[in-house]
Amino acid sequence: MTPTARRTPAPRTPPRGARPGRTGRARAGGPRVPAPPASVRPLLVAAAVSAAPAAVLLLLAVAPELQARHEWLAMAASFAPYGWVAWLVALVLVLAGARGRTRLAAAPLALGLAWHTAMLVPYLPAPAPATAAASPSASMSVLELNLHYGRADLRALATQVREARPDVVVLAEVTTANEEVFGQKAWARMFPYRAGSAGQPYDPATGIGDSRGTLVLSRYPLSATEHAAATRFTNLAVVVELPDHPFTLVAAHPVNPEYGADAWVNDAEALTRLALKHDAGPLVVAGDLNATAEHLTLRQLSARAGLTDAGAGHGWQPTFPADAWYPPLIQIDHVLVSREFRTLDHHTIRVPGTDHLGLVVRLSLG
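Computed from a predicted model, the values in this text were never measured in an experiment.

(A) A look at empty space enclosed by the protein. Going through the model one piece at a time under the given rule, you end up with one cavity of 30 Å³ or more. Estimated volume of the largest cavity: approximately 70 Å³. In terms of lining, the largest cavity is formed by Pro 254, Val 255, Trp 264, Ala 268, Leu 271, Thr 272, Leu 289, Asn 290, Ala 291, Thr 297, Leu 298 and Leu 301. Of all the secondary-structure elements, those providing two or more residues to the lining of the largest cavity are helix 9 (261-276) and helix 10 (296-305). Considering every element that reaches the lining of the largest cavity, the biggest residue donor is helix 9, with four residues. Tallied by class, the residues present in the lining of the largest cavity amount to nine nonpolar, three polar and no charged.

Printed below as a string of structure tokens:
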């Protein structure tokens with residue numbers, strides 16, 4: 001008998017379009033989301049690294065009470081506006097590197113960017129109100145500057161003063177050497193009235209400076225001087241006898257968070273209590289407040305004393321640091337005003353020798 005030939009079954013051809021290596025087990029388990037290609041994983045990691053500080057800065061801005069827990073948190077909150085850039089970078093990286101469902105990670109990043117954008121709206125310049133052309137019943141101007149341990153170039157400051165012609169000058173970190181200059185005839189003719197105190201001169205050998213001195217120079221008489229209680233630097237209130245429109249000026253210089261979160265909060269609280277004693281009438285608080293618009297201390301002072309920043313609507317004008325190779329990054333110098341005032345002009349000035357830009361603010365009162 002002839003043996004029966006055995007037929008070898010032909011190999012099964014995979015359906016057209018099927019991917020090699022796929023089996024029925026893959027189909028049974030449902031579609032699998034492929035892992036991101038190795039070439040885009042660094043983009044996703046970079047997005048996460050960028051989003052983390054952005055989230056922290058946003059949290060410190062929306063929950064400012066957290067800033068009082070540690071000086072590092074308070075200092076970090078100074079840079080809250082820059083979180084917007086971090087959100088944007090993270091979002092772009094995710095959109096560039098994500099594939100498939102991983103693109104859903106863009107949603108919270110877009111939300112964070114939108115939230116941060118809304119927070120920055122007050123920094124944008126606003127059109128002048130329709131009443132800007134109206135003649136105010138009274139107008140006055142304030143120049144504010146931190147002298148950086150008295151090291152600012154007072155000749156350059158005198159030039160700025162002659163150009164701006166302020167009615168009141170508020171100076172922080174004034175030393176006894178500065179005070180002698182301000183007592184000279186040229187300064188005394190411009191500002192015959194003074195109030196405040198002076199610290200010790202800067203010692204270049206040790207690099208030690210005295211921040212305690214705060215001084216008010218005025219074209220108009222000053223009266224009713226009062227100091228804040230238990231602050232490390234001088235914070236004082238004076239009445240400026242502007243003809244027919246006297247107002248209270250608080251020359252402010254609370255400590256910065258580097259002195260510790262408790263000292264930063266306590267100094268700001270003492271300054272707020274001083275301002276509240278004079279909030280029944282026209283009130284100006286001017287100086288190096290060592291706080292940005294996002295800081296807990298400035299928010300509490302403004303809210304409790306009914307003050308607004310005179311620079312609102314005039315664009316973002318950072319004032320510190322002014323002695324670096326890069327431009328100033330944060331605004332810690334402010335002129336705050338009560339509802340009786342309207343801002344006519346608000347701009348910064350530069351004086352060599354100090355690490356702050358100064359402010360010149362022209363106000364109407366009436």
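(B) Just the nonpolar core, in detail. Membership of the largest hydrophobic core comes to 25 residues, with the highest contact counts inside it found for Phe 247, Leu 249 and Val 284. Elements supplying a minimum of two residues to this core: strand 1 (139-146), strand 2 (168-172), strand 6 (236-240), strand 7 (247-252), strand 8 (283-288), strand 10 (333-337) and strand 12 (358-365). Broken down by element, the residue count for this core peaks at four residues, all from strand 12. Among all residues touching Val 284, those that are not within four sequence positions of it are Phe 247, Thr 248, Leu 249, Val 250, Val 335, Leu 336, Val 337, Phe 341 and Leu 363. Counting 21 residues, the second largest nonpolar core, distinct from the first, contains Leu 147, Phe 182, Phe 191 and Leu 215.

(C) Inspection of the pairing of strand 10 at higher detail. Counted residue by residue, strand 10 has five buried out of five residues, so it is predominantly covered. Every second residue of strand 10 is oriented toward a common face, with Asp 333, Val 335 and Val 337 on one face and His 334 and Leu 336 on the other, all of them buried. Sheet topology note: the strand 9 (residues 308-309)/strand 10 ladder contains two bridges and is antiparallel. Within the sheet, the bridge partner assigned to Thr 308 lies in strand 10 and is Val 337.

Each value, and the rule that gives it
Residues numbered from 1 in each chain as written. Predicted model: local features only at pLDDT ≥ 70, side-chain atom pairs only at ≥ 80, totals over all residues. Heavy atoms only, no water. 1 Å grid on protein atoms, 1.4 Å probe; cavity = no way out; pocket = protein on both sides within 12 Å on 5 of 7 lines; lining within 4 Å. Points joined across faces, edges and corners; volume = space filled by probe spheres on them. Helix = DSSP H or I, 4+ residues; strand = E, 2+ residues; numbered from the N terminus. Nonpolar A, V, L, I, M, F, W, Y, C, P; charged D, E, K, R; others polar. Core = buried A, V, L, I, M, F, W, Y, C linked by side-chain atoms within 4.5 Å. Buried < 20%, exposed > 50% of the residue type's maximum accessible area, 1.4 Å probe, protein only. Contact = heavy atoms within 4.5 Å. Pairing = 2+ DSSP bridges.

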